[in-house]
Amino acid sequence: MKTRRGSYLLKACIFATGLAGIVAEYVMATLATYLLGDPVKQWTLTISLMLFAMGVGSRFSRNIRGALLDAFVVVELLLSVLCASSALATYLLAAYLESVAWVIYGLAFAIGFLIGLEMPLATRLNDLFEELRINISSIMEKDYYGALLGGLIFAFFALPQLGLTFTPILLGAVNFVVAATLFVRYRRQVARKAWLTAGFAAVPVLLAGLVLVAEPIAIFGEQGQYKDRIVYQRQSSYQKIVVTQWKEYFWLYLDGSEQFSSYDEERYHEPLVHPAMSLSVSRQRVLILGGGDGLAAREVFKHPEVESITLVDLDPVVTDLGLNHPIFLRLNQDALSDPRLRVVNQDAHSYLRDSSQIFDVILIDLPDPKTVALARLYSREFYQTALRHLSKGGTLVTQATSPYFSKDAFLCILKTMRSAGIPAAALHNHIPTMGEWGWVVGFNAPQLSDQALKQRLLDQTFEGIETRFLNQEAMLHMLHFGKGTLDGLDEIEVNQQLNLALYNYYQSGEWDLY
């Protein structure tokens, strides 16, 4: 390793390992989020653990005193095997273990440790070509540049196209190519040719084998997370989408959380849609935030006055399911193909911020506020923005999690909507597959009291609307709560952009009982 060309080759390899290293961190953090839940906590723990392990690996590297090239190649081969098999091993063990937390954390530490060995070894190898001042800066520079490209590849290609099944195998291939390139170029300087040759013979066989068994193992492990048979699964840029089947009924899960079951989804979608639609002075222009499955839109179209629906859902994979998948077409009655409906794949907050349209009814059918990003879509500022898009006498409704499993979160949503200057009333209903669930309905008439709004809802008969569950008697039940359910509202904090109290209320809910 005596030429300037050797330095360029080494730096190219460092660029590649920087790319692979950051993607490995993202893979492990995403895997932890998906299998363990609580995204903020798992991303924080996993990334922090891997950075700590990198520090441990860097410190350990000082014990390697000779055969630096051999050591670097071995590290790359070990990373190739460990990265490629990490997700599949976790999926496989998930089918047998009650919790895979320590499996994920253990793999994260091991991968981080090996990544931590790379930089010190590369710096010492590059010492043959450049003085210390340039050596360290150039090695770090190439590593960081590679990390940027790795982040872009993970976000825009690897995760949405390859998912957590094949992305780790691609990482393993990158580390293998780095090891092979250095081994071939500097074979004469390698001290343990026989051992490394055996490694180079075994690793590609392992990688090829993982490609062949990856999908069956992933499906097997995934199936262990659900009690019913998986009939569809896909990792989009935003979430893991899974559809399961039991007899003739289907369940939709996003990142492991149930969104609906065809067994009883009318007990969710009818209370979400028809009270707000019936109460509104006008029903011509409707905005649905979320609801990419098309089931809420199906209910909206039961009102003959509807002239247009704008459906805003962040994930195009979900709306594509609603538009084209046979299961969803049967459930939503092809609602998303109605010429009166327009699909917009955009963040709900961004859409409201940028749009100038006015709507008569706004239906907020978003996932629970279990992440910081989702919690801001239940904030006072968000409801104030929505109110600017609501016609006089118009209605706004949001799903509001469970008043039973997360009472404080439910009350927080109710109080937050009222704090935005919107008279609001709470609803609840028992959904067999989801438990006790809640909604909050608001009305664009600031002078109206909350009690008067409740009475107006009680007066709704829903006559002429084709429903399977909802009628006036059901509405009477949904507007009245058992003793103590709404107690403590005064002590609940309002959810604000700079103080997302709802996120903490939701996380402290009794979801273990769910």
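Small disclaimer: the values here were computed from a predicted structure and weren't measured.

Reading the values: rules and limits
- Residue numbers here run from 1 along each chain, matching the order of that chain's written sequence.
- Predicted model: local features are reported for residues with pLDDT of at least 70 only, side-chain atom pairs are reported and counted for 80 or more only, and whole-chain, interface and lining totals are derived from all residues.
- Only hydrogens and water are removed before side-chain values are computed, so all heavy atoms of the structure are retained for them.
- Secondary structure elements follow DSSP: runs of H or I of four or more residues count as helices, runs of E of two or more count as strands, with numbering from the N terminus.
- Residue burial is assigned from relative accessible area. The probe radius is 1.4 Å, only protein chains are included, and a residue is buried under 20% of its type maximum, exposed over 50%, and partly exposed in between.
- Throughout, a residue-residue contact means that at least one pair of heavy atoms, one from each residue, lies within 4.5 Å.
- Only the protein chains shown count as cover for residues, and all accessible areas are computed by the Shrake-Rupley method using a 1.4 Å probe.
- Only four residue types enter the charge count: Lys and Arg as positive, Asp and Glu as negative, with His and the chain ends excluded.
- Where a charge lies is defined by one atom per residue type: Lys uses NZ, Arg uses CZ, Asp uses CG and Glu uses CD.
- Both site types are read off a 1 Å grid over the protein atoms alone. A 1.4 Å probe that fits but cannot get out defines a cavity, while an open set with protein on both sides within 12 Å along at least five of seven lines defines a pocket; lining residues have an atom within 4 Å of a point.
- Grid points are joined across faces, edges and corners, and a volume is the space filled by probe spheres set on the points.
- Under the scheme applied, nonpolar residues are Ala, Val, Leu, Ile, Met, Phe, Trp, Tyr, Cys and Pro; charged residues are Asp, Glu, Lys and Arg; polar residues are all the others, including Gly.
- At least two bridges found by DSSP between two strands are what make those strands a pair.
- Salt bridge, as applied in this entry: a Lys or Arg side-chain nitrogen positioned within 4 Å of an Asp or Glu carboxyl oxygen.
- Take the number of residues in a helix, subtract one, and multiply by 1.5 Å to get its expected span.
- To be clear, the arc concerns the directions from the helix axis to the C-beta atoms.
- The patches described consist of residues with a relative accessible area above 30% and no salt bridge, like charges being joined within 9 Å and nonpolar side chains (Val, Leu, Ile, Met, Phe, Trp, Tyr) within 5 Å.

Enquirer: How should I be thinking about the overall build of the protein chain in this particular structure?
Expert: Helix and strand content of the protein chain: 17 helices and 11 strands. The buried share among the 514 residues of the protein chain stands at 57%. Within the protein chain, residue pairs in contact and separated by at least 24 positions form 73% of the contacts whose partners lie at least 6 positions apart. As presented, the protein chain carries roughly 22000 Å² of accessible surface, and 58% of it is formed by carbon and sulfur atoms. Of the charged side chains in the protein chain, 42 are positive and 49 negative, and the gap between their average positions amounts to 11 Å.

Enquirer: I keep staring at the layout of surface pockets and nothing clicks. Help me out?
Expert: Empty space among the atoms becomes apparent when a probe as large as a water molecule is rolled across them. Considering only enclosed or pocket space, the second largest pocket measures out at about 300 Å³ in volume. Around the second largest pocket, the lining comprises 17 residues; the ones closest to its centre are Leu-162, Thr-165, Gln-233, Arg-234 and Lys-240. Counting residues per element, the ones that place at least two in the lining of the second largest pocket are helix 5 (132-185), helix 6 (193-223) and strand 1 (229-235). Looking at which element gives the most residues to the lining of the second largest pocket, the answer is helix 5, with eight residues. Class assignment of the residues belonging to the lining of the second largest pocket gives a composition of eight nonpolar, five polar and four charged.

Enquirer: Any chance you could explain the pairing of strand 3 (residues 249-254) here in plain terms?
Expert: For strand 3, the tally of buried residues reaches five of six residues, placing the bulk of the element in the interior. Relative to strand 3, strand 2 (residues 240-246) is paired through six bridges, and the arrangement is antiparallel. Following the sheet pairing, Val-242 is matched in strand 3 by Tyr-253. In textbook terms, the turn of a hairpin is the stretch between consecutive antiparallel strands, and for strand 2 and strand 3 this stretch comprises two residues, one of which, Lys-247, has a positive phi near 55 degrees. Bridging between strand 3 and strand 4 (residues 257-261) involves four bridges; their strand directions are antiparallel. Bridge pairing in strand 4 links Trp-251 to Ser-261. Hairpin connection from strand 3 to strand 4: two residues lie between these consecutive antiparallel strands, with Asp-255 at a positive phi of about 50 degrees.

Enquirer: Just checking my understanding: could you explain the environment of Ala-420 for this structure?
Expert: One can find Ala-420 in the loop between helix 14 (407-419) and strand 10 (424-431). Taking the relative accessible area as the measure of exposure, Ala-420 reaches 9% and is therefore buried. In the structure, Ala-420 is positioned 74 residues away from Val-494 in sequence and 9.6 Å away in space, judged by C-alpha atoms. Each residue touching Ala-420, except ones within four places of it in the same chain, is listed here: Arg-380, Tyr-383, Gln-384 and Leu-387.

Enquirer: I tried to follow the pattern of salt bridges on my own but got confused; where do I start?
Expert: Counted by the stated rule, this structure contains 12 salt bridges. Note that Lys-142 is salt-bridged to Glu-141, the shortest N-O span being 3.0 Å. Two residues, Asp-360 and Arg-285, come together in a salt bridge whose shortest N-O distance is 3.0 Å. On the criterion of sequence distance, the pair formed by Asp-360 in strand 8 (residues 359-365) and Arg-285 in strand 5 (residues 285-290) is long-range, its members being 75 residues apart. With relative accessibility at 2%, the residue Asp-360 sits in the buried group. When salt bridges with common partners are traced through the structure, they connect Glu-265, Glu-266, Arg-298, Glu-299, Lys-302 and Arg-468 into a single cluster.

Enquirer: Please explain helix 2 (residues 39-60) as it appears in this structure.
Expert: Owing to its 3.6 residues per turn, the α-helix aligns residues three or four sequence positions apart on the same side. Counted at 1.5 Å a residue, the expected span for helix 2 with its 22 residues is 32 Å, and the 31 Å between its end C-alpha atoms agrees. Among the residues making up helix 2, those that are buried are Pro-39, Gln-42, Thr-46, Ile-47, Met-50, Ala-53 and Gly-57. Here the buried residues of helix 2 occupy an arc of 120 degrees about the axis, which is enough to place them on one side. Projecting away from the buried face of helix 2 at angles above 90 degrees are the exposed residues Phe-52 and Arg-59.

Enquirer: Any chance you could explain a nonpolar patch on the surface here in plain terms?
Expert: A surface patch of nonpolar side chains, amounting to about 470 Å² of accessible area, comprises Leu-92, Leu-93, Tyr-96, Leu-97 and Phe-220. With respect to the helices and strands, Leu-97 occurs in the loop between helix 3 (68-94) and helix 4 (101-126). Residue Leu-97 is classed as partly exposed on the basis of its relative accessible area, which comes to 40%.

Enquirer: How do you make sense of empty space enclosed by the protein when you look at a structure like this?
Expert: As enumerated under the stated definition, the model contains one cavity of 30 Å³ or more in all. Lining the largest cavity are Ala-24, Val-27, Met-28, Cys-83, Ser-86, Ile-111, Pro-168 and Leu-171. The set of elements that each furnish at least two residues to the lining of the largest cavity consists of helix 1 (4-36), helix 3 and helix 5. Examining the composition of the lining of the largest cavity, we find that three residues originate from one element, helix 1, more than from any other. A per-class count over the lining of the largest cavity returns seven nonpolar, one polar and no charged.

Enquirer: Hey, could you run me through the environment of Val-344 in this one?
Expert: Its place among the elements puts Val-344 in strand 7 (residues 341-344). Judged by its relative accessible area of 12%, Val-344 falls in the buried class. Separated by 33 residues in sequence, Val-344 and Leu-311 place their C-alpha atoms 6.0 Å apart. When near neighbours in sequence (up to four residues on either side) are disregarded, Val-344 contacts Thr-310, Leu-311, Val-312, Asp-313 and Tyr-351.

Without other data, these values stay purely geometric and don't point to any function.
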